Amino acid sequence: MPQTFHLNKGFNIPLVGRALLEEHKISQPDSFAVKPSDFKGLVQPKLLVSVGENVKAGDPLFFDKGSEEVLFVAPVSGEISEIIRGERRKIIEIRILADKKIEYKAFKKHTKTDINNLTRAEAIAALTAGGIWPSFIQRPFGVLANPSDEPSAIYISAFDSNPCAPDMAYLLRGKEGVFQSGIAILSKLAKGNIHVNLDASEIPSVFSGLDPVNINKFSGPHPAGNVGVQIHHIKPIGKNDKVWTIDPLSVARIGTLFMEGTYDASKLIAITGSEIIHPHYVKTYSGACLDKLVAENFKKTNARFISGNVLSGEHVGVRGYLGHFHNQIAVIPEGDEEEFLGWMLPSFKKLSFHKAFGLFSFLIPKKEKVLDTNTNGEQRNFTISGAFEKILPMDILPTYLFKSIISNDYDEMEALGIYEVIEEDVALCEYIDVSKNDIQAIVREGIELIRNS
Amino acid sequence: MKLLQNLFDSIKPHVEKGAKYEKLHTLYEGHRTIFFKPSLTTGPTGVQVKDAADLKRVMFTVIVALIPCLLFGMWNVGHQHFLAIGVVDATFISKFLLGAGQVLPILIVSYGVGLGVEFTFCVIRNHPIEEGFLVTGILIPLVMPATIPLWQVAMATVFGVIIAKEVFGGTGMNILNVALTSRAFLYFAYPSQIAGDMVWTYLGDQVAVDGFSGATLLSYGAAAAANGTEMMAGLGGHWYGGMFDFWNLFLGAIPGSIGETSVLMCLIGATILVLTGVGSWKIILSVFGGAWVMGMIYNLAGTNSFMLMPAHYHLVVGGLAFGAVFMATDPVSAAQTETGKWIYGFMIGVLTVIIRISNPAYPEGIMLAILFMNVFAPLIDYYVVEAHKKRRLKRATI
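Residues numbered from 1 in each chain as written. Chains lettered and ligands numbered in written order. Predicted model: local features only at pLDDT ≥ 70, side-chain atom pairs only at ≥ 80, totals over all residues.

> Teacher, can you tell me more about the packing of helix α4 (residues 92-125) of chain B against helix α6 (residues 150-165) of chain B here?
When two helices pack together, their arrangement is given by the angle between the helix axes and by the axis-to-axis distance. All names here are of chain B. For the pair α4 and α6, interaxial distance at closest approach is 9 Å and the crossing angle is 35°. Once α4 is placed against α6, the crossing between them reads as right-handed. Note on element contacts: α6 touches α4 through Leu 150, Val 153, Ala 154, Thr 157, Val 158, Val 161 and Ile 162, opposite Pro 105, Ile 106, Val 109, Ser 110, Val 113, Gly 114, Val 117 and Glu 118. Of the residues assigned to the contact of α4 with α6, the class counts are eleven nonpolar, three polar and one charged. (Axes fitted to C-alpha atoms, helices over the stretch in contact; angles between N-to-C directions. Helix = DSSP H or I, 4+ residues; strand = E, 2+ residues; numbered from the N terminus. Left-handed = near helix turned anticlockwise from the far one by under 90°. Contact = placed C-beta atoms within 7 Å. Nonpolar A, V, L, I, M, F, W, Y, C, P; charged D, E, K, R; others polar.)

See below:
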């Protein structure tokens, strides 16, 4: 019997430009890139390819010094065109000039019986070699999972509650079979349950009849779809716990890897945001360059191109590349203009969680709004109290947690819940903060302090 | 608007880093951001959009909530003046204008001096101009009597801003409520201009009518307790009949500090603060609750007539309502945990009544009660947070 969790706290951001459930054919981008920075907790990426080499989809590009068996692989076949490095030769992007027709590296194919007979070690070896492993994220800390650990459970959030988020069932259309195979592999990895966490309002067919999983239902506003929030309600974790999380698309990829023997990096991307003319889905591969994905489909305004959603995505620009975990592009107006008395004039258009004087958006909460990238104010000390507590659906005192991080107080951070959160879980706190602090960055700093202590 | 932007743009090169007046950069930014919401955008990572509310708007909301008290205070200064000199047919307008003539200079001095101090600190310490003083600047006049000498307003403001706020690191870092610290400074340094029966009513160069007394209900109470007389009966002998009727106390046409007298206006302000979510209804409610409960306890113990004053009178006299709505809710100096807010507010109410009744030296207790609880707020929060941590630990190990 699935357990249902009703979350009351949170906030839905009604952003203009939700994608219609239709796939639009595009000409594929020429350029793809893998960004080591998409994966948290890497020690030092070591390249396995050099510029000019040809790779197939699934060929390894680099590994991390921290766990050398985990390979990070090419999403498409083609020629390594460029390796972008930053300060101290840190690898920023490994760019691939894609072939017109993708060639796949052949991995071992398995039948259903083969999968059933696989041992844990064999499964892990295939996952690490097959390039899927980097999608396993360890909680606490939200870092790359260590293949030598045995997690007590694996959690999959099967819906995304972020602004204009893609429809997970639509992304997984036609992948029901491989998704089930993926689940079968996952069940070999964890000591305990595989939790699939669904939106209580509707159960898409792809998630019905899965075995062996534990189904949990969640209702309520964003961040109900965040896996960290879900874990907190299902079984909170502490210092000595280790659980893994994985996104549904990667579960399907696991299935494809074992059943068909290919690393299939194809995915549907929701093209969203107020500056997009026709918000819809397009099919491409992980790490695609944004330019062809939006093509002419955006208003020629001063816009910002974001890989991911507007709360935890990354501003990459129209020539930037899609992040590994992102199934969405958001294009919204830049807000780099002054507004006369903008801090004071009344408005129905400006979205606010607060109801401070003149901000009337709360009267029409469902009305979709155009939001720009303006910070709507300058950074200040934390001043007001009680707001973060109203928006974070976790038994955590956010203000005290953030302050303990700022003051580098390790004991306080531990006691107040640093193990239970990552950036995306506090993204709404950052959004509503009237003092305009970079709370996601603060939380990551705290996590790194604890990890390295 | 372009004109104003151009004006600022023309100043900008002179205050940028390396320019002659670079020290004044923070002043330039501060003023520009008053006219224009800045063009800052979110960073490459982290949230890409931010809430429309900022600290300026939050502070502005408090100012809006204070306006009823300010306007009523102006009228009441005039009203009390004409009552005292025996002019019964003064018009609303003449009362208001006379009051405004007394109140506005105090307001101007408070803002002028306070912002001057603030700007100086911003330039010296090179931190941005913060919005906290926008509210403090109006709170200070509202807790002063209309007869306060302007130089004392200036002194108090300087003391409050520097000692209560800037030495701790500016808005958001202070321990005590800034406006109340200013008032407490005057209260202890120059008591004769801010306490006693003669300071609440502005007479100007007029002569009061025979039998006039500027006493407040609380000073009646203190006197009754000291002399062993019947307080509530004594009220009937007041020179102006009906002055201390419950509903007149509630409406606030009584002597007192400029903004504090009208409970009705405070409640209008409270409604604005609570509906906008800027003020904590838990604190407001629990201050009133604490005062009433303590009043009831005194009623039961009752050994003198002041103790026997009906408990609900405590809610409408003195500065309790103003303190509860505008001072106790100051989010920086109040308790910050939700449970803590209940305890903090309740204790303010309790202490206020204890000081009123049991300490004859201080007829009104709300100022000291709030300052006292400001000091204790971090301790309350500490225990609430410790309890939270214990609970967290428990659920994690199950």
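> What should I look at first to understand the interface of chain B and chain A in this one?
The parts lose accessible area when they come together, and the size of an interface is often stated as this lost area. Between chain B and chain A, the contact holds 52 residues from the first and 63 residues from the second. At the level of elements, α2 (25-35), β1 (36-37), α3 (55-84) and α16 (366-397) of chain B are the ones that each hand at least two residues to the side of chain B that touches chain A. Considering each element in turn, the side of chain B that touches chain A owes the most residues, seven residues, to α3(B). Of the residues contributing to the side of chain B that touches chain A, the split by class is 22 nonpolar, 19 polar and eleven charged. Examined bridge by bridge, strand β21 (residues 339-340) of chain A and β1(B) share two bridges and lie antiparallel to one another. (Pairing = 2+ DSSP bridges.)

> It is not clear to me how the pairing of strand β8 (residues 78-85) of chain A should be interpreted in this structure. Could you clarify?
The side chains of a regular strand alternate between both faces of the sheet. Residues and elements named next belong to chain A. Inspection of the sheet shows strand β5 (residues 54-55) paired to β8 by two bridges, in the antiparallel sense. Considered in β8, the bridge of Asn 54 is made with Glu 79. Inspection of the sheet shows β8 paired to strand β9 (residues 91-98) by seven bridges, in the antiparallel sense. Across the sheet, Ile 84 pairs through a bridge with Glu 93, a residue of β9. Turn length for the β8-β9 hairpin, with the two strands adjacent in sequence and antiparallel, is five residues, and the turn residue Arg 88 shows positive phi of about 50°.

> Looking at this structure, how should I read the domain arrangement of chain A?
All names here are of chain A. Domains assigned within chain A are domain 1 (3-15 + 26-260) and domain 2 (375-453). Contacts between domain 1 and domain 2 engage 19 residues on the former and 15 residues on the latter. The class makeup of the residues in the side of domain 1 that touches domain 2 is eight nonpolar, nine polar and two charged. (Domains from an automatic or database assignment.)

> Mind showing me how you'd approach the sheet that holds strand β17 (residues 280-285) of chain A here?
The six strands lie next to each other as β2-β17-β16-β20-β18-β19 (chain A), forming an open sheet whose pairing is mixed. Edge positions in the sheet fall to β2 (23-24) and β19 (314-315) of chain A, since each has one partner strand and no second.

> What should I look at first to understand the sheet that holds β8(A) in this one?
Pairing within the open sheet is antiparallel, and its four strands lie in the order β3-β9-β8-β5 (chain A). Two strands in the sheet have a free side with no partner beyond their single neighbour: β3 (31-34) and β5 of chain A.

> Would you mind going over unusual backbone geometry with me for this structure?
Negative phi characterises most residues that are not glycine, and trans characterises most peptide bonds. Residues and elements named next belong to chain A. The omega torsion of the bond from Arg 139 to Pro 140 falls at 0°, within 30 degrees of zero and hence cis. With respect to the helices and strands, Pro 140 occurs in the loop between β10 (137-139) and β11 (143-144). Following Asp 211, the chain continues to Pro 212 via a peptide bond in cis, the omega torsion being -5°. Structurally, the position occupied by Pro 212 is in the loop between β13 (194-199) and β14 (214-219). One non-glycine residue, Arg 88, lies in positive phi territory at about 50°. Structurally, Arg 88 can be placed in the loop between β8 and β9. Here the phi dihedral of Leu 341 falls at roughly 50°; this positive angle occurs in a residue that is not glycine. In this fold, Leu 341 is placed in the loop between β21 and α8 (387-391).

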